[in-house]
Amino acid sequence: MGSLLPTGGSSPKFCQLYIYDTENEISNRSTSIGGSTNASTSSSRPYDLPIIEFLKVMLDSNNALVKSYRMVRDSLHENRGSNLKLRLIGKREQDGRTYNLPTSSEVAALIVGDIHNSIEKRDIIVETSSGLLKCISELHPSYLALQYPLLFPYGDDGYRVDILHRGITSSSNSKRPTCTMREFFAYRIQDRDQSFSLILNAKRLFQQFLVDGYTMIESERLFFIRKQQKILRCETYENLRDHQAHGSTNISDVGQRVILPSSFTGGARYMMQNYLDAMSLCKWFGYPDFFITFTCNSKWQEVQRFLKDTPLHPEDRPDILLVYTIEFQKRGLLHSHICLFMHSDCKLPTVDYIDPLISAEIPNIDEDRELYSLVKEFMIHGPCGAENFNCPCMVDGKCSKNFPKQFCNHTSVDPDGFPLYRRRNDGNFVEKSGVQLDNRNVVPYNKYLLKRYQAHINVEWCNQGSSIKYLFKYINKGPDRATFAMVQSNNDSDKNDAVDEIKEYYDCRYISACEASWRIFKYDVHYRHLAVIRLPFHLPGQQQVVYEADDDIEDVLDRPLVASSMFISWMKCNEINKEARKLTYVEFPTKFVWKPKLQSWQPRIVGYSIGTIHSISPKLGEAYFLRILLNKVKGPKSFEEIRTVNGEICSSFKDACYNLGLLDDDKEYIEAIKEASLSGSSFYLRFLFATMLLSNSLSKPEIVWENTCEYLSDGILYTQQKRLKSPEQILLRNNSSLKDYRRMPYPNADLVSSSNNRLIAEELDYDIPNLKNEFDRLFVSLTDEQRNFFLI
């Protein structure tokens, strides 16, 4: 929002149109957005001037905010040269719907002179000719009415922070008496019988309203999280005791980092936790059998029936185009990704079982006309390539989805574990855009699902370990992004490496109307079954204590259960429950349930959950060896019992691992790499191996390499193929096998830049951005022998 009057002789825009040169307001409104005032022919006038006149009269008669601006106009005419300011009151003493309507003077006050001392929070002050733009708070009651005057023709209030729930009064004893912003928008976009909704019939303006509404909701949440960063602090129990012992009472300066917690839907931690939880399911049930991508179909009969007898199209109502989804992309329609785990009795052990379930061929039109029509409409890729270089899949002159595929008489599996479906050269084809497309352009599908749901449903067989973690990482890759720019700080005095994760989440975020609808209605973005319980652990005295910055250290340490944690409560439960002593920490959630309010484990009555302890780096020392023991030891009652072997208490967790034989012949390091391979990227595995080499803890590095080379070399060939944009080219010397390749000296040195030794570093995954610098630092410390091991 700018000044009340245009500056420097410029044309009036936006709110200035209500005040400046109102005798020519209609023509001013048309020309301000590129229209023409020439009424001679309708073709030269893109806007209907009588409709603009009608809307102007309607707003003048009914909109309280418009009346406020007209008051400014009248006052300026009567007192030319006066310095006027329009104040839109932010705090309501009464409900806006009744407070706005009687007279406009109750909504706005025309004030002459300096009024800054009387401004309350969120008031909007518009000066006569300030020449500057002013930001309007999204929490201001008039924000939506100012942004969308045609959707709020009466100028009534939008959201404000003190809206009470129905049946609740200010004196009611309610835990949450006021309405949240999400609840407000969910209420406004409901379709009600016997009631016409101007918002729902606004077509593209409705889409803008949805996106704007959700960004307001998300901004409010992120603002709350950012403010909490100045209040909440976290420190270990032992360190707080040390502070107290040294007589220090100030605990308000423990770090300063803006953190976006894993509880915030869509954040980086949220996505990573979902990825790790999904991989935990694989540890218990094996790999999923099917990967299904289900895209919404705007031509569904339910959608068409709902919009019948209305001038609306499906894209005008993104709130009804909702299926269970976990991803929203810029292509408009939303879609879901589903990983399906089959029962052990129904798994598909070989490719012989694939053909009856998954087809990648065009059906014979005479045998099944319905299926032929569905495949033609939903499951044909292209045309692309030479027939259509403008197809969205085209990158550098090639199809990014590698269509058309090759003809294949039998289903098989390639060396990377991906299926090659049967695509026979049987003469069947479909015609799209004048191009005949055969089985090489068919997207794999299931006949039953395609007939039942009549939409694009891509079904893939994925019971191969080498492809699973990349599949899960794709599902949990995070929100869409738009174009971005990198800006370096030029402040030499700024030595703080603080990471603003809230700002990183904001950067380049792309939100569609479909995603906005989904999130406003509070539908889940991710779903899984069974539940996965994340089991934290810590060394003695290292449990985290959360407190407010201005808390007294004595009060913090005197709180009940302050020294407790989920991990310590597990050991306490082992003291009193015999059944608990039969389980390891990871197995515990199958028989017991964690009660956060009681800070204790209770026997589980029904069902079970899956426990997971996420991997940690060996460079953390004792914590790393503690995690090793937690996978082996059952029913310990204390930290001492965890490191007790054959009745003798070891001096450290590392010694306990040695005495149990867990570190003989580097077995545990081999197991650590294999376990990390279930969830970690190939770059992370190579980084982990380099860390082990630098720690000088490997007695025989060549033994570790021989047993883990398959995991450590994973992805190198794929990355090189992608870099050279040649998926068919296998980068092997002398046509060596993959097994031999992984045991050769440093390969393809001619493909590496002159700075060399960066082949691995360039394969950095986006979810581990901080590892590259640390990798470079570690790499120069390796001996020649260690470097050769690492670079194979």
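This is a predicted model, so every value here is computed, not measured.

Caption draft 1: Representation of the overall build of the protein chain within the structure. In terms of regular secondary structure, the protein chain is built from 27 helices and 20 strands. Classification of the 792 residues of the protein chain by burial places 44% in the buried group. Taking contacts inside the protein chain between residues at least 6 apart in sequence as the whole, the part at least 24 apart equals 68%.

Caption draft 2: Up close: the packing of helix 21 (residues 667-676) against helix 22 (residues 682-694). Helix 22 packs onto helix 21 with a crossing angle of 160° between their chain directions and a minimal axis gap of 10 Å. When the axis of helix 21 is compared with that of helix 22, the two are roughly antiparallel. Relative to helix 22, the crossing made by helix 21 is right-handed. Counted together, Tyr669, Ala672, Ile673 and Ala676 of helix 21 and Tyr684, Leu685, Leu688, Phe689 and Met692 of helix 22 form the full contact between these two elements. Split into classes, the residues belonging to the contact of helix 21 with helix 22 amount to nine nonpolar, no polar and no charged.

Caption draft 3: Structural context of the confidence of the model for the protein chain. Of all residues in the protein chain, 74% attain a pLDDT of 70 or more, and the chain-wide mean is 76. Confidence, read as mean pLDDT per element, is least for helix 25 (residues 738-741) in the protein chain (38) and greatest for helix 11 (residues 369-378) (95). Every residue in residues 729-771 scores below 50 in pLDDT, and together they form 84 contacts with partners more than four places removed in sequence or on other chains.

Caption draft 4: Looking closely at the packing of aromatic side chains. All chains considered together, the criterion is met by 20 aromatic pairs. Between Phe567 and Trp570, the aromatic rings sit 5.7 Å apart at their centres with planes inclined by 25°, giving stacked as the arrangement. Here Phe567 pairs with Trp570, and both are found in helix 17 (residues 566-576), just three residues apart, close to one helical turn. Take Phe567 and Trp570: they sit in the same class, and that class is buried. Taken together, a centroid distance of 4.5 Å and an interplanar angle of 5° make the contact between Phe588 and Phe592 stacked. Judged on exposure class, the residue Phe588 and its partner Phe592 are both buried.

Caption draft 5: Main features of the nonpolar core. Counting residues in each nonpolar core, the largest one holds 49 residues, and the members touching the most others are Phe567, Tyr585, Trp601 and Leu630. Secondary structure elements with two or more residues in this core: helix 17, strand 16 (592-595), helix 18 (622-630), helix 19 (639-642), helix 20 (653-659), helix 21, helix 22 and helix 23 (701-712). Apart from the residues lying within four places of it in its own chain, the contact partners of Trp601 are Leu535, Met566, Ser569, Trp570, Cys573, Phe588, Pro589, Phe592, Val593 and Trp594. Judged by nonpolar contacts, the second largest core, of 43 residues, contains Val126, Ala145, Phe185 and Ala186.

Caption draft 6: Spotlight on the packing of helix 2 (residues 49-62) against helix 3 (residues 64-78). Two numbers describe how helix 2 lies on helix 3: the axes approach to 6 Å, and their chain directions differ by 90°. By the angle between their axes, helix 2 is roughly perpendicular relative to helix 3. Between helix 2, through Lys56, Leu59, Asp60, Ser61 and Asn62, and helix 3, the contact on the second element is made entirely by Ala64, Val66, Lys67 and Arg70. When grouped by side-chain class, the residues that make up the contact of helix 2 with helix 3 number three nonpolar, two polar and four charged.

Caption draft 7: Layout of the side chain of Asp316. If you trace the backbone, Asp316 turns up in the loop between helix 10 (301-306) and strand 6 (335-340). Within the buried set, Asp316 has no salt-bridge partner at all; the shortest N-O distance to an opposite charge, 4.6 Å, is to Lys203. The residues touching Asp316, leaving out its near neighbours within four places in the chain, are Lys203, Arg204, Phe206 and Gln207.

Caption draft 8: The arrangement of the sheet that holds strand 13 (residues 457-461) in detail. Pairing in this open sheet of three strands is antiparallel, and the strands run 6-5-13 from one edge to the other. The open sheet has two free edges, formed respectively by strand 6 and strand 13, since each of these has just one partner strand. Across the sheet, the mean angle from the axis of one strand to that of its neighbour is 15°, orientation sign disregarded. Note: strand 5 (residues 290-295) against strand 13, five bridges, orientation antiparallel. Bridge pairing in strand 13 links Thr293 to Asn458.

Caption draft 9: Examining the environment of Leu539 more closely. If you trace the backbone, Leu539 turns up in the loop between strand 14 (532-534) and strand 15 (544-548). For Leu539, the residues in contact, after removing those within four places along its chain, are Glu622, Ala623, Leu626, Phe639 and Phe653.

Caption draft 10: Main features of helix 18. Burial runs high along helix 18: eight of the nine residues are buried. In the core, the buried residues of helix 18 are packed alongside helix 17, helix 19, helix 20 and helix 21.

Caption draft 11: Structural view of helix 11. All of the buried residues along helix 11 are Leu371, Tyr372, Leu374, Val375 and Phe378. Viewed end-on, helix 11 has its buried residues packed into an arc of 165°, placing them on one side of the element. Looking at the buried side of helix 11, the elements it contacts are strand 11 (430-432) and helix 12 (447-453).

Caption draft 12: Focus on the pattern of salt bridges. Using the criterion set out here, one finds 18 salt bridges in the structure. The residue Arg317 makes a salt bridge to Asp319 at a minimum N-O spacing of 2.8 Å. Across the pair, Asp319 and Arg317 agree in class, each one buried. The partner of Arg424 in a salt bridge is Glu361, and the shortest N-O contact between them spans 2.9 Å.

Caption draft 13: Spatial organisation of a nonpolar patch on the surface. On the surface, a nonpolar cluster with roughly 270 Å² of combined accessible area is contributed by Trp284, Phe285 and Tyr608. Tracing the backbone through its elements, the reader meets Trp284 in helix 9 (residues 268-285).

Caption draft 14: Quick look at a negative patch on the surface. Taken together, the side chains of Asp552, Glu554, Asp555 and Asp558 make up a negatively charged region of the molecular surface. Along the polypeptide, Glu554 turns up in helix 16 (residues 553-557). Residue class for Glu554 comes out partly exposed when judged on its relative accessible area of 36%.

Caption draft 15: Quick peek at the environment of Ser32. Within the secondary structure, Ser32 sits in helix 1 (residues 25-32). A residue is classified by how much of its surface remains accessible, and Ser32, at 27% relative accessible area, is partly exposed. Put simply, Ser32 and Pro12 are 20 residues apart on the chain and 7.4 Å apart in space, counted from C-alpha to C-alpha. With residues up to four places along the chain from it excluded, the contact list for Ser32 reads Pro12 and Leu17.

Caption draft 16: Up close: unusual backbone geometry. Look at the link from Gly382 to Pro383: it is a cis peptide, with omega at 5°. Counting through the fold element by element, Pro383 comes out in the loop between helix 11 and strand 7 (394-395). Following Phe403, the chain continues to Pro404 via a peptide bond in cis, the omega torsion being 0°. Along the chain, Pro404 turns up in the loop between strand 8 (398-399) and strand 9 (412-413). Positive phi outside glycine occurs at Asp21, with the angle close to 50°. Along the polypeptide, Asp21 turns up in the segment before helix 1. Accessibility expressed as a relative area gives 33% for Asp21, which makes it partly exposed.

Conventions used here
- Residues numbered from 1 in each chain as written.
- Predicted model: local features only at pLDDT ≥ 70, side-chain atom pairs only at ≥ 80, totals over all residues.
- Heavy atoms only, no water.
- Helix = DSSP H or I, 4+ residues; strand = E, 2+ residues; numbered from the N terminus.
- Buried < 20%, exposed > 50% of the residue type's maximum accessible area, 1.4 Å probe, protein only.
- Contact = heavy atoms within 4.5 Å.
- Axes fitted to C-alpha atoms, helices over the stretch in contact; angles between N-to-C directions.
- Parallel < 35°, antiparallel > 145°, perpendicular 65-115°, else oblique.
- Left-handed = near helix turned anticlockwise from the far one by under 90°.
- Nonpolar A, V, L, I, M, F, W, Y, C, P; charged D, E, K, R; others polar.
- pLDDT = per-residue confidence, 0-100.
- Phe/Tyr/Trp six-rings, centres within 6.5 Å; stacked < 30°, edge-to-face > 60°.
- Core = buried A, V, L, I, M, F, W, Y, C linked by side-chain atoms within 4.5 Å.
- Lys, Arg positive; Asp, Glu negative; His and termini not counted.
- Salt bridge = Lys/Arg side-chain N within 4 Å of Asp/Glu carboxyl O.
- Pairing = 2+ DSSP bridges.
- Arc of directions from axis to C-beta.
- Patch = residues over 30% accessible without salt bridge, like charges linked within 9 Å, V, L, I, M, F, W, Y side chains within 5 Å.
- Areas by Shrake-Rupley, 256 points an atom, 1.4 Å probe, with all protein chains shown as cover.
- Charge placed at Lys NZ, Arg CZ, Asp CG, Glu CD.

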